[in-house]
Amino acid sequence: MDKPTKPIPTTSTTIVGTELTNIKDVLTLNNLSGKGKYTQLCERWLEQFMKNGNGRALVLSSCTSALEIAAILADIQPGDEVIVPSYTYVTTVNAFALRGAVPIFVDLADATMTIDATLIEAAITPKTRAIIPVHYGGVACDMDHIMQIARKHQLFVCEDAAMACRSTYKGQMLGTIGNVGCISFQEKKNFTAGGQGGALLINDPGLVERAEVLYDHGTNRTRFMRGEVDRYQWLDLGLNATLSELQAAFLYAQLQAADDINGRRMHIWNRYYSGLFPLAHEGYITLPFVPRDTTHNANVFYIRVRDGQRQALIQHMANANVQTHPQFMPLHLSPYGQTHGRFSGVDRVTSLASAQILLLPVHLSLSDEEQEVVIRELFAFWDQTIQTSL
Ligand SMILES: *Cc1c(COP(=O)(O)O)cnc(C)c1O
């Protein structure tokens, strides 16, 4: 394929084609506001993977809502400290900062770009309340180590599994290992609830009842709807975090196509990995690393380039009509992070790695031919020609 005539985007909206059928069905059901047929179908779908029997999945308006509820469930008080990676989306930390928490940023493991579990204990103080591991790119954190530290110090674990729906760690779905897990169905994630949406996976059965109150304005309307109480009342703090049934219907269509969606993304991911291997072998780039006993969902494919080369590479790719994208800016270097948070220990990896990372196009509208252009242009940047057949 020659130079594409229109830009190849880094991401694009996933549409599977069956969304409208479900949405038409919703229009006949006289309930758009939420907690209806499709919300329940999505929740049962998620619970199938939870494998812990007593846990629950709540489908919500966003992963941010899930994180905000998690911060209340963790009973965060002003001045409490939470341990987080600095390399994440702001909302991971915002949800806890809204409750008055001080973010304590811990460096990344270089191989995976996820929190370095070996550095967590050094960040713990008497004020520490929670650990928020972020499964960056849908790749698992070292959960055994994190859970062991959490048990030892009695800390709440909230997995930010926003990017990681259906990735696994030792056979367990990410988001189902900590006290709670938060999943996103925002447009850039593998499955979307029409642009915005999320889920809270409540793995600790003792938290289910309160979570059901928190996400519905602090009322026990969920129990009322199940016929367990005569009327519902305001019992606790709360959010309006239910997802519209229109969006749940959209989401359910995508969840039913989950195998196809992830299969296609994995095909693209694996092709980048093998296609770009010679560049990694020559030392021009570093490829992502997936730890043993984990599976990922191909939410993103990134390469890491040598220091100072990223901007020139972005420009080279843009000239070839290929969009590439740096991802997060480290939060501890941002104005809010600098004044309200603290970095524990030395920033050996976070700043360096986040300046090297570049996302390549991964989405369902990317054709094999377009992907070949992306790979060819990466070789061309380093003046190399593709040696392997794709
Ligand atoms: C997308 C994302 C979120 C936020 O999800 P929303 O559903 O948009 O609120 C949180 N954390 C990470 C790591 C994300 O990538």
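Thresholds, definitions, all that
Residues numbered from 1 in each chain as written. Predicted model: local features only at pLDDT ≥ 70, side-chain atom pairs only at ≥ 80, totals over all residues. Heavy atoms only, no water. 1 Å grid on protein atoms, 1.4 Å probe; cavity = no way out; pocket = protein on both sides within 12 Å on 5 of 7 lines; lining within 4 Å. Points joined across faces, edges and corners; volume = space filled by probe spheres on them. Nonpolar A, V, L, I, M, F, W, Y, C, P; charged D, E, K, R; others polar. Domains from an automatic or database assignment. Near = heavy atom within 4 Å. Polar contact = N/O pair within 3.5 Å; in protein donor to acceptor, adjacent residues only side chain to side chain. Sits in = over half its atoms within 2 Å of the grid points. Helix = DSSP H or I, 4+ residues; strand = E, 2+ residues; numbered from the N terminus. Patch = residues over 30% accessible without salt bridge, like charges linked within 9 Å, V, L, I, M, F, W, Y side chains within 5 Å. Areas by Shrake-Rupley, 256 points an atom, 1.4 Å probe, with all protein chains shown as cover. Salt bridge = Lys/Arg side-chain N within 4 Å of Asp/Glu carboxyl O. Buried < 20%, exposed > 50% of the residue type's maximum accessible area, 1.4 Å probe, protein only. Pairing = 2+ DSSP bridges. Axes fitted to C-alpha atoms, helices over the stretch in contact; angles between N-to-C directions. Left-handed = near helix turned anticlockwise from the far one by under 90°. Contact = heavy atoms within 4.5 Å. Buried area = accessible area lost by both parts, 1.4 Å probe.

The name an unreviewed UniProt entry gives the protein is Pyridoxal phosphate-dependent transferase, with Aspergillus coremiiformis as the organism.

Asker: Would you mind going over empty space enclosed by the protein with me for this structure?
Answerer: Gaps left between atoms show up when a probe the size of a water molecule is rolled over them. If you walk through the whole model with that rule in mind, you get 4 cavities of 30 Å³ or more. Considered as a void within the structure, the largest cavity measures approximately 80 Å³ in volume. Lining of the largest cavity is provided by Thr 112, Tyr 136, Gly 137, Val 139, Trp 269, Pro 288, Phe 289, His 296, Val 300, Phe 301 and Tyr 302. Residues of the lining of the largest cavity, tallied by class, amount to 8 nonpolar, 3 polar and no charged. Shared between two domains, the lining of the largest cavity takes at least three residues from each, and those domains are domain 1 (19–256) and domain 2 (258–389).

Asker: How do you make sense of the site of the ligand when you look at a structure like this?
Answerer: The local shell around the ligand holds 14 residues, among which Cys 63, Thr 64, Asp 160, Ser 184 and Lys 189 are the closest. Residue Thr 64 places a side-chain N or O atom 2.5 Å away from an oxygen atom belonging to the ligand. Within the side chain of Ser 184, a nitrogen or oxygen atom sits 2.7 Å from an oxygen atom of the ligand. In this structure the site holding the ligand corresponds to the largest pocket. For the shell around the ligand, the secondary structure elements donating two or more residues are helix H3 (63–73) and helix H4 (90–97). Split into classes, the residues belonging to the shell around the ligand amount to 4 nonpolar, 8 polar and 2 charged.

Asker: Please explain a nonpolar patch on the surface as it appears in this structure.
Answerer: A cluster of nonpolar residues, Leu 27, Leu 32 and Leu 246, forms a patch on the protein surface that exposes about 260 Å² of accessible area. By the secondary structure assignment, Leu 246 is in helix H8 (residues 245–256). Looking at Leu 246, the relative accessible area reads 31%, which means it is partly exposed.

Asker: Is there a simple way to think about the pairing of strand S8 (residues 180–184) in this case?
Answerer: If a strand is regular, its side chains alternate between the two faces of the sheet. In terms of residue burial, S8 counts as a mostly covered element, since 5 of its 5 residues are buried. Here S8 shows no split at all, with Val 180, Cys 182 and Ser 184 on one side and Gly 181 and Ile 183 on the other all buried. Bridging between S8 and strand S9 (residues 198–202) involves 5 bridges; their strand directions are antiparallel. What sits directly across from Ser 184, in S9, is Gly 198.

Asker: Can you walk me through the packing of helix H1 (residues 19–26) against H8 in this structure?
Answerer: Where H1 contacts H8, the axes come no closer than 8 Å and their chain directions differ by 145°. Viewed along their axes, H1 and H8 form a crossing whose handedness is right-handed. Two secondary-structure elements touch here, H1 through Glu 19, Asn 22, Ile 23 and Val 26 and H8 through Glu 245, Leu 246, Ala 249, Phe 250, Tyr 252, Ala 253 and Gln 254. Tallied by class, residues from the contact of H1 with H8 come to 7 nonpolar, 2 polar and 2 charged.

Asker: How should the sheet that holds strand S6 (residues 168–169) be read in this particular structure?
Answerer: Each strand in a sheet pairs with its neighbour through backbone hydrogen bonds, running either in the same direction (parallel) or in the opposite one (antiparallel). With antiparallel pairing, 3 strands are arranged side by side in an open sheet as S7-S6-S11. Unpaired on one side and paired on the other, strand S7 (172–173) and strand S11 (294–295) mark the two borders of the sheet. With 2 bridges connecting them, S6 and S11 associate as antiparallel partners. Opposite Thr 168, over in S11, you have Thr 295 as the bridge partner.

Asker: Would you mind showing me how to read the domain arrangement of the protein here?
Answerer: Size of an interface: often given as the accessible area lost when the parts come together. Entries for the protein in the domain assignment read domain 1 (19–256) and domain 2 (258–389). At the junction of the two partners, domain 1 supplies 43 residues and domain 2 supplies 40 residues. When domain 1 packs against domain 2, the two sides together hide about 3400 Å² of surface, and 54% of this comes from carbon and sulfur. Taken together, the links from domain 1 to domain 2 amount to 3 salt bridges. Summed over the shared surface of domain 1 and domain 2, the number is 24 residue pairs in polar contact (both at pLDDT 80 or more). Residue assignment for the side of domain 1 that touches domain 2 shows that the elements contributing at least two residues are H4, strand S3 (102–106), S6 and H8.

Asker: What is the right way to read the pattern of salt bridges from this model?
Answerer: When the charged atoms of two side chains lie near each other, side chains of opposite charge can form a pair. If you walk through the whole model with that rule in mind, you get 23 salt bridges. Here Asp 216 and Arg 221 are joined by a salt bridge, their closest N and O atoms 3.0 Å apart. Owing to a relative accessible area of 24%, Arg 221 belongs among the partly exposed residues under this scheme. As a salt-bridge pair, Glu 228 and Arg 223 come within 2.9 Å of each other at their nearest N and O atoms. Note on Arg 223: relative accessible area 29%, which makes it partly exposed. Within this structure, Glu 43, Arg 44, Glu 47, Arg 56, Glu 209, Glu 212, Arg 223, Arg 226 and Glu 228 form a network of salt bridges that share partners.

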